[in-house]
Amino acid sequence: MNSPLTLALPKGRLTDQVLERMETVGLKVEFEKRKLVAYDADGRIKIFLVKNADLPVYVNNGIAGLGVCGEDVLYEHGYPFVKLHTFDFGSTAMCLAGKKGARFSLNNGMIKVASKFTRFSRDYFHERGIPVEVIKLNGSVELAPVLGLTPYIVDLVETGNTLKANNLEVLEKLAEIRVHLIANPAYFKLRFQEIREFVDTVKG
Ligand code: PRP
Ligand code: MG
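What counts and how
- Residues numbered from 1 in each chain as written.
- Chains lettered and ligands numbered in written order.
- Predicted model: local features only at pLDDT ≥ 70, side-chain atom pairs only at ≥ 80, totals over all residues.
- Heavy atoms only, no water.
- UniProt positions renumbered as here; feature names shortened; annotations may be inferred.
- pLDDT = per-residue confidence, 0-100.
- Domains from an automatic or database assignment.
- Contact = heavy atoms within 4.5 Å.
- Buried area = accessible area lost by both parts, 1.4 Å probe.
- Near = heavy atom within 4 Å.
- Polar contact = N/O pair within 3.5 Å; in protein donor to acceptor, adjacent residues only side chain to side chain.
- Areas by Shrake-Rupley, 256 points an atom, 1.4 Å probe, with all protein chains shown as cover.
- 1 Å grid on protein atoms, 1.4 Å probe; cavity = no way out; pocket = protein on both sides within 12 Å on 5 of 7 lines; lining within 4 Å.
- Sits in = over half its atoms within 2 Å of the grid points.
- Helix = DSSP H or I, 4+ residues; strand = E, 2+ residues; numbered from the N terminus.
- Nonpolar A, V, L, I, M, F, W, Y, C, P; charged D, E, K, R; others polar.
- Buried < 20%, exposed > 50% of the residue type's maximum accessible area, 1.4 Å probe, protein only.
- Arc of directions from axis to C-beta.
- Patch = residues over 30% accessible without salt bridge, like charges linked within 9 Å, V, L, I, M, F, W, Y side chains within 5 Å.
- Salt bridge = Lys/Arg side-chain N within 4 Å of Asp/Glu carboxyl O.

Where an unreviewed UniProt entry is consulted, the chain appears under the name ATP phosphoribosyltransferase, with the organism given as Marispirochaeta aestuarii. The UniProt entry for the chain carries this comment under Function (unreviewed entry): "Catalyzes the condensation of ATP and 5-phosphoribose 1-diphosphate to form N'-(5'-phosphoribosyl)-ATP (PR-ATP). Has a crucial role in the pathway because the rate of histidine biosynthesis seems to be controlled primarily by regulation of HisG enzymatic activity."

A separate point is the confidence of the model for the chain. Mean pLDDT over the chain works out to 96, with 99% of the residues at or above the 70 mark. Reported confidence for the predicted complex is 0.98 by ipTM and 0.95 by pTM.

The next point concerns the domain arrangement of the chain. Taken domain by domain, the chain consists of domain 1 (5–90 + 178–203) and domain 2 (92–176). On a C-alpha basis, the centroid separation for the pair domain 1 and domain 2 is 29 Å. Each partner contributes residues to the interface: domain 1 has nine residues there, and domain 2 has 12 residues. Here domain 1 and domain 2 share an interface that buries about 840 Å² over both sides, 45% of which is from carbon and sulfur atoms.

Looking now at the site of ligand 1. Residues in contact with ligand 1 amount to 13 residues; listed here are only the nearest, R13, E142, T159, G160 and T162. Within the side chain of R13, an N or O atom sits 2.6 Å from an oxygen atom of ligand 1. Contacts to ligand 1 include D155, whose side-chain N or O atom sits 2.7 Å from an oxygen atom. Here ligand 1 loses 73% of its free accessible area of 500 Å² to cover by the protein chains. Among the detected pockets, ligand 1 sits in the largest pocket. Elements represented by at least two residues in the shell around ligand 1 include exactly strand 9 (152–157) and helix 6 (161–165). Top contributing element to the shell around ligand 1 by residue count: strand 9, with three residues. Taken together, the residues of the shell around ligand 1 break down into two nonpolar, six polar and five charged.

Moving on, we get to helix 4 (residues 118–126). Those residues of helix 4 that sit buried are T118, F120, S121, Y124 and F125. Projection of helix 4 onto a plane perpendicular to its axis shows the buried side chains occupying an angular sector of 165 degrees, all on one side. Here the buried face of helix 4 lies against helix 3 (71–77), strand 6 (92–99), strand 7 (111–115), strand 8 (132–136), strand 9 and strand 10 (168–177).

Glancing now at a nonpolar patch on the surface. Judged by side-chain polarity, L36, V37 and Y39 come together as a nonpolar surface patch covering roughly 250 Å² of accessible area. Among the secondary structure elements, L36 is positioned in the loop between helix 1 (13–24) and strand 2 (37–39). For L36, a relative accessible area of 41% puts it in the partly exposed group.

This part takes up the environment of R191. Of note, R191 is situated in the loop between helix 7 (185–190) and helix 8 (192–203). Residues R191 and D123, spaced 68 residues apart in sequence, show a C-alpha to C-alpha distance of 35 Å. Not counting chain neighbours up to four residues away, the residues in contact with R191 comprise N2, S3, P4 and L5.

In structure tokens form, the structure reads like this:
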């Protein structure tokens, strides 16, 4: 028998949704407390819980052949993965946000934003001919306009609760961000048949 398929899952809010979906289609996976590696009950799939932003690194290096990842993170890395499936859960919106009531204006035609998503932010505004200064932050980006680091942020908005709690609001929705099942291209060729069966199972 072949070694189990390897699958990287993002640690965080998507984890439970993915594990629930897998359980629904008969692939039950349980992680022991604090443990980052687990197998499904049949031992056919080996699963790693990795930091969201690192997931493409594991898949690109073939450590995990497969991964579940949002378009936000995929865009920042830009690796040529095979997209096997788009999930019907986990979608969010990449938004430009700022202080509530503050007018969105392009001072001197230049916009200054803080974001975890620097590549997306640069490309988005540059493609529209708008010069942009992007300050890279690693999280809690909402603090930037509150503390005056930048007037605007580019960040994911799901429920809108974080913006609301910090007196911020969406100024413009920039992109819809969906969650995909991806594969390392070489791994996809090598384990094609098993991967196809796995994708069919996941689709339900
Ligand atoms: C994400 C995102 C927003 C928030 C959006 O942050 O960066 O801050 O969730 O969700 P909401 O609209 O439902 O409030 P996360 O909690 O992942 O933390 P981080 O930005 O500090 O990494
Ligand atoms: Mg956040």
